[in-house]
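The residues making up each chain are set out below.
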Amino acid sequence: MSTEVLDPTDRLFAERACERLIVEFVHQLDLGNPGEVAGLFTDTGVWEWTEGDRRVQGRDALRSYFAGRPADRLSRRICTNILVTVTSEATATATTYFTTYRVDGHTDGYAPPRAPTQVGHYEDTFVKVDGQWLLSSRSLFLAFAGPTERLEPTDKP
């Protein structure tokens, strides 16, 4: 089906559903239960970094991968420039810029300001399965990156 045939309201609903997935993904990583991001993907969904060989496929593998994050990690991701393109009644793509602030060794309170750990963009594909939009794949592209810093007890405010 050509995207020109889509009703404008249906297109808006699809765009919003995909935007919601993008935001829910980072919300779960930063403030929720990281392993739950697996539920935002299809059963055969893929998460990959374009550099290196980091590729995780399938909901169970995604759940294990994201749930394995350090328990003492404090992170916040800022997503901007979200551009969703509906390609059919049941498919879409998106590009989203992100900035990640992250430290390990966090126990409570706030951490002193740090430079971002990562700046880059995500490229996503979405499919509509049984009336629900899900991520089919997410690829991460880094423009700037550094190691995750570990807080020392003297780093507390």
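It should be noted that the structure appears before, not after, this text.
Note that the structure is predicted; figures quoted are calculated from it, not measured.

Caption draft 1: Focus on the packing of aromatic side chains. Taken as a whole and assessed by the stated rule, the structure comprises 8 aromatic pairs. When the centroid spacing of 6.3 Å and the interplanar angle of 70° are considered together, the rings of Phe 25 and Phe 41 count as edge-to-face. Of this pair, Phe 25 sits in helix α1 (residues 8–31) while Phe 41 sits in strand β1 (residues 41–49), and the two are 16 residues apart along the sequence. Residue Phe 25 shares its accessibility class with Phe 41, and that shared class is buried. Aromatic pair Phe 25 and Phe 66: ring centres 5.7 Å apart, planes at 90°, arrangement edge-to-face. Of the two residues, Phe 25 sits in helix α1 while Phe 66 sits in helix α2 (residues 59–67), which places them 41 residues apart along the sequence.

Caption draft 2: Spotlight on the side chain of His 106. Relative to the helices and strands, His 106 is located in the loop between β4 (91–104) and β5 (118–129). Side-chain polar atoms of His 106 contact the backbone oxygen of Asp 108, separated by 3.4 Å.

Caption draft 3: A look at the layout of surface pockets. In this structure, the largest pocket spans a volume of roughly 220 Å³. For the lining of the largest pocket, the secondary structure elements donating two or more residues are β1, α2 and β5. Its residues placed into classes, the lining of the largest pocket shows 7 nonpolar, 1 polar and 5 charged. Each pocket or cavity is described by its volume, and for the second largest pocket that value is around 150 Å³.

Caption draft 4: Structural context of the pattern of salt bridges. This model, assessed by the stated rule, comprises 9 salt bridges. When the shortest N-O distance is used, the salt bridge between Asp 104 and Arg 73 registers 2.7 Å. Of this pair, Asp 104 sits in strand β4 while Arg 73 is found in the loop between α2 and β3 (74–88), placing the two residues 31 residues apart along the sequence. A relative accessible area of 9% places Asp 104 in the buried class.

Caption draft 5: Seen up close, the nonpolar core. Counting 27 residues, the largest nonpolar core has Phe 25, Trp 47, Leu 62, Phe 66, Tyr 122, Phe 126 and Trp 133 as its most contacted members. Elements that contribute at least two residues to this core include exactly α1, β1, α2, β3, β4, β5 and β6 (132–145). Among the elements that take part in this core, α1 stands out by supplying 7 residues, more than any other. If sequence neighbours within four positions are ignored, Leu 62 has contacts with Ala 38, Phe 41, Gly 45, Trp 47 and Val 56.

Caption draft 6: Representation of the environment of Trp 47 within the structure. Tracing the backbone shows Trp 47 in strand β1. Along the primary structure Trp 47 and Thr 95 are separated by 48 residues, whereas in three dimensions their C-alpha atoms are 14 Å apart. With sequence-adjacent residues up to four places away left out, Trp 47 is seen in contact with Phe 25, Phe 41, Arg 54, Arg 55, Val 56, Leu 62, Tyr 65, Phe 66, Tyr 122, Arg 138 and Leu 140.

Caption draft 7: Molecular detail of the pairing of β6. Two strands pair when backbone bridges link them, and β1 and β6 are joined in this way by 5 bridges, in the parallel orientation. In the strand pairing of β6, Trp 47 is matched with Arg 138. Here β5 runs beside β6; their pairing, made up of 12 bridges, is antiparallel. Looking at β6, one finds that His 121 is bridged to Phe 141. Remark: 2 residues form the turn of the hairpin made by β5 and β6, two consecutive strands paired antiparallel; Asp 130 in that turn has positive phi of roughly 50°.

Conventions we followed
Residues numbered from 1 in each chain as written. Predicted model: local features only at pLDDT ≥ 70, side-chain atom pairs only at ≥ 80, totals over all residues. Heavy atoms only, no water. Phe/Tyr/Trp six-rings, centres within 6.5 Å; stacked < 30°, edge-to-face > 60°. Helix = DSSP H or I, 4+ residues; strand = E, 2+ residues; numbered from the N terminus. Buried < 20%, exposed > 50% of the residue type's maximum accessible area, 1.4 Å probe, protein only. Polar contact = N/O pair within 3.5 Å; in protein donor to acceptor, adjacent residues only side chain to side chain. 1 Å grid on protein atoms, 1.4 Å probe; cavity = no way out; pocket = protein on both sides within 12 Å on 5 of 7 lines; lining within 4 Å. Points joined across faces, edges and corners; volume = space filled by probe spheres on them. Nonpolar A, V, L, I, M, F, W, Y, C, P; charged D, E, K, R; others polar. Salt bridge = Lys/Arg side-chain N within 4 Å of Asp/Glu carboxyl O. Core = buried A, V, L, I, M, F, W, Y, C linked by side-chain atoms within 4.5 Å. Contact = heavy atoms within 4.5 Å. Pairing = 2+ DSSP bridges.

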